[in-house]
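For reference, the chains in residue letters:
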Amino acid sequence: MAMGRKLIAGNWKMNGLKTEGVVLARAVAERLASAGPIPVDLLVCPPATLIWPVTEAVAGTGLAVGGQDCHPQVSGAHTGDISAAMLAEAGCGYVIVGHSERRQNHGETDALIATKAAAAHAAGLVAIICVGETDAERDRGEAGTVVERQLAGSIPASATATNTVIAYEPVWAIGTGRTATPADVAQIHALIRETLVRRLDSGAAVRILYGGSVKPSNARELMAVPDVDGALVGGASLKADEFWGIVTSCP
Ligand code: PEP
């Protein structure tokens, strides 16, 4: 089990224009400032256009900022893409790679995700590598094998406990209001931990997040599961009070 601080990461997805994004980020940072020291690291991942204004708005508050994706190359003829170095320059410390919405909507493969994570590492970013099975795969009893296969293909050789976080996000639980049971989460997180320990020298210390309809009402139970080192939060990260409710549910 990774010892230490939990990470609660908000994935804003394609939501928010400048004013509301800055207001939301400031509201989270203000709650963090008034809470005093807490054993939780906090991260928000706004859409790319909001990274500059959000990093400026929360500078010095302890609230980290991340990207939602990056390109494997540093620069070049890649219209519409953004490199890890660009995210780092804009003030990001993290980047999500391999989110299921990118795997599904953009046909991203494990091999591509590994190159994105390696690019993130080269730029000094922490890569949050997402894995998780679909409903049909779970129904066929393949959740574990799918996650193991995704881990095997998506984690680059440069990964360590300091530059990599794994997010287990069952696809059927994302944005649906359905969450995995604590027993299901415990089983898959234990499997991920075993895989990380086999694969990396520092595998025991890699943080493993759970994601999929995490809300204040279920966070206490989920964050208490062994080897759950935090949460990747979509919908509930768009409201400061809900996001903060998840933070304060961490044991
Ligand atoms: C996500 O998209 O990473 C996610 C977990 O979304 P939600 O919390 O809305 O299910």
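Reading guide: rules and limits
Residues numbered from 1 in each chain as written. Predicted model: local features only at pLDDT ≥ 70, side-chain atom pairs only at ≥ 80, totals over all residues. Heavy atoms only, no water. Near = heavy atom within 4 Å. Polar contact = N/O pair within 3.5 Å; in protein donor to acceptor, adjacent residues only side chain to side chain. Areas by Shrake-Rupley, 256 points an atom, 1.4 Å probe, with all protein chains shown as cover. Core = buried A, V, L, I, M, F, W, Y, C linked by side-chain atoms within 4.5 Å. Buried < 20%, exposed > 50% of the residue type's maximum accessible area, 1.4 Å probe, protein only. Helix = DSSP H or I, 4+ residues; strand = E, 2+ residues; numbered from the N terminus. Contact = heavy atoms within 4.5 Å. Salt bridge = Lys/Arg side-chain N within 4 Å of Asp/Glu carboxyl O. 1 Å grid on protein atoms, 1.4 Å probe; cavity = no way out; pocket = protein on both sides within 12 Å on 5 of 7 lines; lining within 4 Å. Points joined across faces, edges and corners; volume = space filled by probe spheres on them. Nonpolar A, V, L, I, M, F, W, Y, C, P; charged D, E, K, R; others polar. Axes fitted to C-alpha atoms, helices over the stretch in contact; angles between N-to-C directions. Parallel < 35°, antiparallel > 145°, perpendicular 65-115°, else oblique. Left-handed = near helix turned anticlockwise from the far one by under 90°.

A.B. asks: Just give me the short version of the site of the ligand, but keep the residues and values in it.
C.D. replies: Close to the ligand lie 14 residues; Lys 13, Glu 169, Gly 175, Ser 213 and Gly 234 are nearest. A distance of 2.5 Å separates an oxygen atom of the ligand from a polar atom in the side chain of Lys 13. Interatomic distance of 2.8 Å between a backbone N/O atom of Gly 234 and an oxygen atom of the ligand. Protein chains shield 96% of the accessible area of the ligand, which is 290 Å² for the free molecule.

A.B. asks: Mind laying out the nonpolar core, listing which residues take part and the relevant values?
C.D. replies: Of all hydrophobic cores here, the largest spans 66 residues; its most connected members are Ile 8, Leu 42, Ile 166, Ile 192 and Tyr 210. It is helix 1 (residues 18-35) that provides the largest number of residues to this core, a total of 7 residues. What Leu 42 contacts, discounting residues up to four positions off in sequence, is Ile 8, Val 28, Leu 32, Gly 62, Leu 63, Ala 64, Phe 243, Trp 244 and Val 247. Leu 43, Val 126, Ile 128 and Val 165 belong to the second largest nonpolar core, which has 13 residues in total.

A.B. asks: Quick rundown of the pattern of salt bridges? Include the residues and the values.
C.D. replies: Considering all chains together, one arrives at 16 salt bridges under this definition. A salt bridge links Asp 135 to Arg 178; its shortest N-O distance comes to 3.4 Å. Here Asp 135, found in helix 6 (residues 135-139), pairs with Arg 178, found in the loop between strand 6 (164-168) and helix 8 (182-199); they are 43 residues apart in sequence, far enough to count as distant. With a closest N to O distance of 3.9 Å, Arg 198 and Glu 148 form a salt bridge. Placement of Arg 198 in helix 8 and of Glu 148 in helix 7 (residues 143-154) is noted, with a sequence separation of 50 residues between them. Owing to a relative accessible area of 29%, Glu 148 belongs among the partly exposed residues under this scheme.

A.B. asks: How would you summarise the layout of surface pockets if you had to cite specific residues and measurements?
C.D. replies: As a volume, the largest pocket reaches approximately 500 Å³. Ala 48, Gln 68, Asp 69, Arg 102 and His 106 are the residues nearest the centre of the largest pocket, which is lined by 21 residues in total. Its residues assigned to classes, the lining of the largest pocket comprises 8 nonpolar, 8 polar and 5 charged. Taken as a whole, the second largest pocket holds about 170 Å³ of empty space. Taken together, 17 residues make up the lining of the second largest pocket; nearest its centre are Gly 175, Ser 213, Val 233, Gly 234 and Gly 235. Here the residues of the lining of the second largest pocket are counted per class, giving 5 nonpolar, 8 polar and 4 charged.

A.B. asks: Before we move on, could you go through empty space enclosed by the protein and cite the residues and values that matter?
C.D. replies: Applying the stated rule across the entire model yields 1 cavity of 30 Å³ or more. Considering only enclosed or pocket space, the largest cavity measures out at about 30 Å³ in volume. Gly 98, His 99, Ser 100, Arg 103, Cys 130, Val 131, Gly 132 and Glu 169 are the residues that line the largest cavity. Within the residue set of the lining of the largest cavity, elements represented by two or more residues are helix 4 (100-105) and strand 5 (126-131). A breakdown of the residues in the lining of the largest cavity according to their chemical character gives 2 nonpolar, 4 polar and 2 charged.

A.B. asks: So what's going on with the packing of helix 1 against helix 2 (residues 51-58)? Which residues, and what values?
C.D. replies: At a minimum axis separation of 9 Å, helix 1 and helix 2 run at an interaxial angle of 30°. Taken as axis vectors, helix 1 and helix 2 run roughly parallel relative to one another. Between helix 1 and helix 2 the crossing geometry is right-handed. Along the contact surface, helix 1 presents Lys 18, Gly 21, Val 22, Ala 25, Arg 26 and Ala 29, while helix 2 presents Pro 53, Val 54, Ala 57 and Val 58.

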